Amino acid sequence: MNTTLVKKDLYIGGGHVATNDYVPLYSPYNQMKIAEVAEASRADVDQAVEAAEKARLILRKMPAHKRAAILEKIARILDERSEEAAKIIASEAAKPIKFARGEVARTVQTYKFAAEEAKRIGGETIPLDAAPGGENRIAYTIREPVGIVAAITPFNFPMNLVAHKVGPSIAAGNPVILKPAEQTPLSAYFLAEIAEDAGMPAGGLNVVTGKGETVGDALVKDPRIKAVTFTGSPEVGKLIRRNAELKKVTLELGSNSGVIVDQGVDVDKVVKRAVQGAFAFQGQVCISLQRIYVHENIYEEFIKKFTAETQQLRLGDPHDEDTDISAMISKDDVTRSVDWIEEAIKAGAGLASGYSIHGHILSPTVLVNVDPNTKVSCQEVFAPIVMINKVSSVKEAVAYMNDSKYGLQAGVYTNDIGVGLDAVDELEVGGVLINDIPTFRVDHMPYGGIKESGTGREGLKYAIDELSEMKLVIINKN
Ligand code: NAP
């Protein structure tokens, strides 16, 4: 697909639907106009819900092997068109092409896992005779589709985070209405095209682009929608939970993830991983490595090596094969990052590397000895900025890590398994990685956070649980 000045209508009920308003979409890298995109009204959302309602019974009655076949075919077509998909992500999100290709490869995996899980949705038998009065009864559970799902997604993984919602919804037998981030609608329309070719029933997947406060809000409040699965910022997540009333709600929100580096570990090995984790896609990853706590015995060596490795990263056009760091998603995010760096420096932080601006690119910035009360430490930075602070023990570092409103994933490098396991017990997060950075995810693992990082889990099997209802069946033999 040529993304240059394409015009994108809404995708509702298996067809393209024109609307009254279209808005220009600009490249975050060079601010060139790349598309005209439909901006849906509340009436358009209503039409999408009606289309999904028509598909609801079709999907509910569709056998698991057919739902799996559609998902397998989406994976296959996406794999065949992977280069086209990667170029779309690079254009609309300014994700460097090598990372965009990585995202597409993972998206293929996610749909494959969804196809496999579609065939494994089962229940359990329950021994009712464990309770007096329960004798001679057979009890078992089944899982049923929840109903229409609203999927609201962020800009940073426009294919794979969409797959983490569309994949399990279809696997569980639910129609989906997808509302992608305003900056990344083209990936969503590309998926709609692929899903149609893969045999998705009309209305099984609907894409409705437009403003979060209009389209997202209308979806969240519509009583015909039974589940909302959202990935994005805590501010919007909290609003959605309030507005969704009794609907099922999955929230995958922000983080200021950290890693602890104990003495005695292989510094070169850790530094290579940590630089990737801090700066991949300009730090705009939910589990981006933002805070690094290093044992005092290796602190100076760590900073020197980390800075040297960071300075190898190449800034540039997201379509360029050699680019590691490109533009941030918006000019406002560059301005915000500058304000936050200035605040940290004023409060005493040292600048070890970076902090130069080239158009909308912020060079990878390393701050040391950062005051824990400044925003680069205690808020979600979502930018190519990392802080490195000195600690005297892993225990001290755990206390700093937990002094956060977030709790998504955390990493601990240590050669002492006892120290690592104590950290597992004490860290307040959804996932702990021993001898790795927190910036690790494969797509079938349970993934999600606590505190302001969200509620519920994704990873296909776990997301299917969130998007289905349990029903109990009891057969009385008395
Ligand atoms: P965002 O501003 O919260 O937007 C996410 C989505 O919500 C967008 O589609 C947005 O639409 C929509 N939205 C905005 N206002 C809404 C409302 N009132 N009702 C319903 N929907 C509304 O997040 P973002 O800037 O795109 O993404 C960055 C955030 O996502 C970061 O906080 C990051 O940590 C988080 N994230 C978390 C994970 C995870 O798995 N935990 C993964 C990736 C990203 P518009 O585009 O129209 O505003």
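For the structure, see preceding data.
Here the structure is a predicted model, which means the values were calculated and not measured. (Residues numbered from 1 in each chain as written. Predicted model: local features only at pLDDT ≥ 70, side-chain atom pairs only at ≥ 80, totals over all residues. Heavy atoms only, no water.)

1. What about the overall build of the chain?
Here is step 1: When its secondary structure is counted, the chain shows 15 helices and 25 strands.
Here is step 2: By its C-alpha atoms, the chain is 70 × 65 × 40 Å across when sized along the principal axes.
Here is step 3: Classification of the 478 residues of the chain by burial places 56% in the buried group.
Here is step 4: Across the chain, every contact between residues at least 6 apart in sequence was considered, and the portion connecting residues at least 24 apart equals 73%.
Here is step 5: Roughly 19300 Å² of accessible area belongs to the chain as shown, and the carbon and sulfur atoms make up 51% of that amount.
Here is step 6: Both charge centroids of the chain, one from 54 positive and one from 64 negative side chains, sit 5 Å from each other. (Helix = DSSP H or I, 4+ residues; strand = E, 2+ residues; numbered from the N terminus. Buried < 20%, exposed > 50% of the residue type's maximum accessible area, 1.4 Å probe, protein only. Contact = heavy atoms within 4.5 Å. Areas by Shrake-Rupley, 256 points an atom, 1.4 Å probe, with all protein chains shown as cover. Lys, Arg positive; Asp, Glu negative; His and termini not counted. Charge placed at Lys NZ, Arg CZ, Asp CG, Glu CD.)

2. Considering the nonpolar core
Here is step 1: By size, the foremost hydrophobic cluster in this structure holds 99 residues, and its most contacted members are Ile-74, Leu-78, Tyr-111 and Ile-177.
Here is step 2: It is helix H4 (residues 97–118) that contributes the most residues to this core, nine residues altogether.
Here is step 3: Filtering out sequence-adjacent residues up to four positions away, Ile-74 remains in contact with Tyr-111, Leu-191, Ile-194, Ala-195, Ala-198 and Met-200.
Here is step 4: One finds Val-267, Ile-298, Tyr-299 and Ile-388 within the second-largest nonpolar core, a separate group that totals 28 residues. (Core = buried A, V, L, I, M, F, W, Y, C linked by side-chain atoms within 4.5 Å.)

3. Section: the pattern of salt bridges
Charged atoms that come close allow side chains of opposite charge to pair.
Here is step 1: Applying the stated rule across the entire model yields 31 salt bridges.
Here is step 2: Among the ionic pairs, Glu-428 bridges to Lys-451, the shortest N-O distance being 2.8 Å. Of this pair, Glu-428 sits in the loop between helix H14 (417–426) and strand S22 (431–434) while Lys-451 sits in strand S23 (residues 450–451), and the two are 23 residues apart along the sequence.
Here is step 3: Taking relative accessible area as the criterion, Glu-428 reaches 35% and is therefore assigned partly exposed.
Here is step 4: One salt-bridge network, held together by shared partners, links Arg-42, Asp-217 and Lys-221. (Salt bridge = Lys/Arg side-chain N within 4 Å of Asp/Glu carboxyl O.)

4. Here we look at the environment of Lys-248
Here is step 1: Mapped onto the elements, Lys-248 comes out in strand S12 (residues 248–252).
Here is step 2: Spatially, the C-alpha atoms of Lys-248 and Thr-229 are 8.2 Å apart, while their sequence positions differ by 19 residues.
Here is step 3: Setting aside chain neighbours within four positions, we find Lys-248 in contact with Val-146, Lys-226, Ala-227, Val-228, Asp-465, Glu-466, Ser-468 and Glu-469.

5. A few points about the sheet that holds strand S15 (residues 350–353)
Here is step 1: Strands sit in the order S15-S18-S19-S14-S13-S21-S22 across an open sheet of seven strands; the sheet is mixed. Across the chains shown, the open sheet's two edge strands, defined by having one partner strand only, are S15 and S22. Put simply, the sheet's adjacent strands are angled 20° from each other on average, direction ignored.
Here is step 2: Alignment of strand S13 (residues 258–261) against strand S21 (residues 409–413), held across four bridges, turns out to be parallel. From the neighbouring strand, Ile-260 faces S21, where its bridge partner is Val-412.
Here is step 3: Across the sheet, helix H13 (residues 394–402) is in contact with S13, strand S14 (291–295), strand S19 (385–391) and S21; its angle to S13 comes to roughly 170°. (Pairing = 2+ DSSP bridges. Axes fitted to C-alpha atoms, helices over the stretch in contact; angles between N-to-C directions.)

6. Notes on the pairing of S14
Here is step 1: In terms of burial, S14 is largely enclosed, as five of its five residues are buried.
Here is step 2: Going residue by residue along S14, you find Arg-291, Tyr-293 and His-295 tucked away on one face and Ile-292 and Val-294 tucked away on the opposite face as well.
Here is step 3: Inspection of the sheet shows S13 paired to S14 by four bridges, in the parallel sense. When the bridges of S14 are listed, Ile-260 appears paired with Tyr-293.
Here is step 4: One crossover worth recording links S13 to the parallel S14 by way of helix H9 (residues 267–279), and it is right-handed.
Here is step 5: Relative to S19, S14 is paired through five bridges, and the arrangement is parallel. Looking across to S19, one finds that His-295 is bridged to Val-391. (Right-handed = clockwise from strand over helix to strand, strands pointing away.)

7. Some remarks on the site of the ligand
Here is step 1: Inspection of the region around the ligand gives 31 residues, with Thr-153, Glu-182, Ser-233, Leu-253 and Glu-380 positioned closest.
Here is step 2: Within the backbone of Thr-153, a nitrogen or oxygen atom sits 2.8 Å from an oxygen atom of the ligand.
Here is step 3: Within the backbone of Leu-253, a nitrogen or oxygen atom sits 2.7 Å from a nitrogen atom of the ligand.
Here is step 4: For the ligand, the protein covers 87% of the area, taking 910 Å² as the surface of the free molecule.
Here is step 5: Those elements that place two or more of their residues in the shell around the ligand are helix H7 (212–221), strand S11 (225–231) and helix H8 (234–243).
Here is step 6: In terms of residue count, H7 provides more of the shell around the ligand than any other element does, four residues in total. (Near = heavy atom within 4 Å. Polar contact = N/O pair within 3.5 Å; in protein donor to acceptor, adjacent residues only side chain to side chain.)

8. Remarks on a nonpolar patch on the surface
Here is step 1: On the surface, Ile-138, Tyr-140, Ile-142 and Ile-475 cluster together into a nonpolar patch covering about 300 Å² of accessible area.
Here is step 2: Residue contributions to the nonpolar patch peak at three residues, all from strand S7 (residues 137–145).
Here is step 3: Mapped onto the elements of the fold, Ile-142 is located in strand S7. (Patch = residues over 30% accessible without salt bridge, like charges linked within 9 Å, V, L, I, M, F, W, Y side chains within 5 Å.)

9. A few points about the packing of helix H2 (residues 64–80) against H4
Relative placement of two packed helices is described by the angle separating their axes and the distance separating the axes.
Here is step 1: In contact at an axis separation of 8 Å, H2 and H4 are set at 170° when each is read in the N-to-C sense. Looking at the two axes, H2 sits roughly antiparallel to H4. Of the residues in H4, those in contact with Ala-64, Arg-67, Ala-68, Leu-71, Glu-72, Ile-74, Ala-75, Leu-78 and Asp-79 of H2 are Val-104, Thr-107, Val-108, Tyr-111, Lys-112, Ala-114, Ala-115 and Ala-118.
Here is step 2: Class assignment of the residues belonging to the contact of H2 with H4 gives a composition of twelve nonpolar, one polar and four charged. (Parallel < 35°, antiparallel > 145°, perpendicular 65-115°, else oblique. Nonpolar A, V, L, I, M, F, W, Y, C, P; charged D, E, K, R; others polar.)

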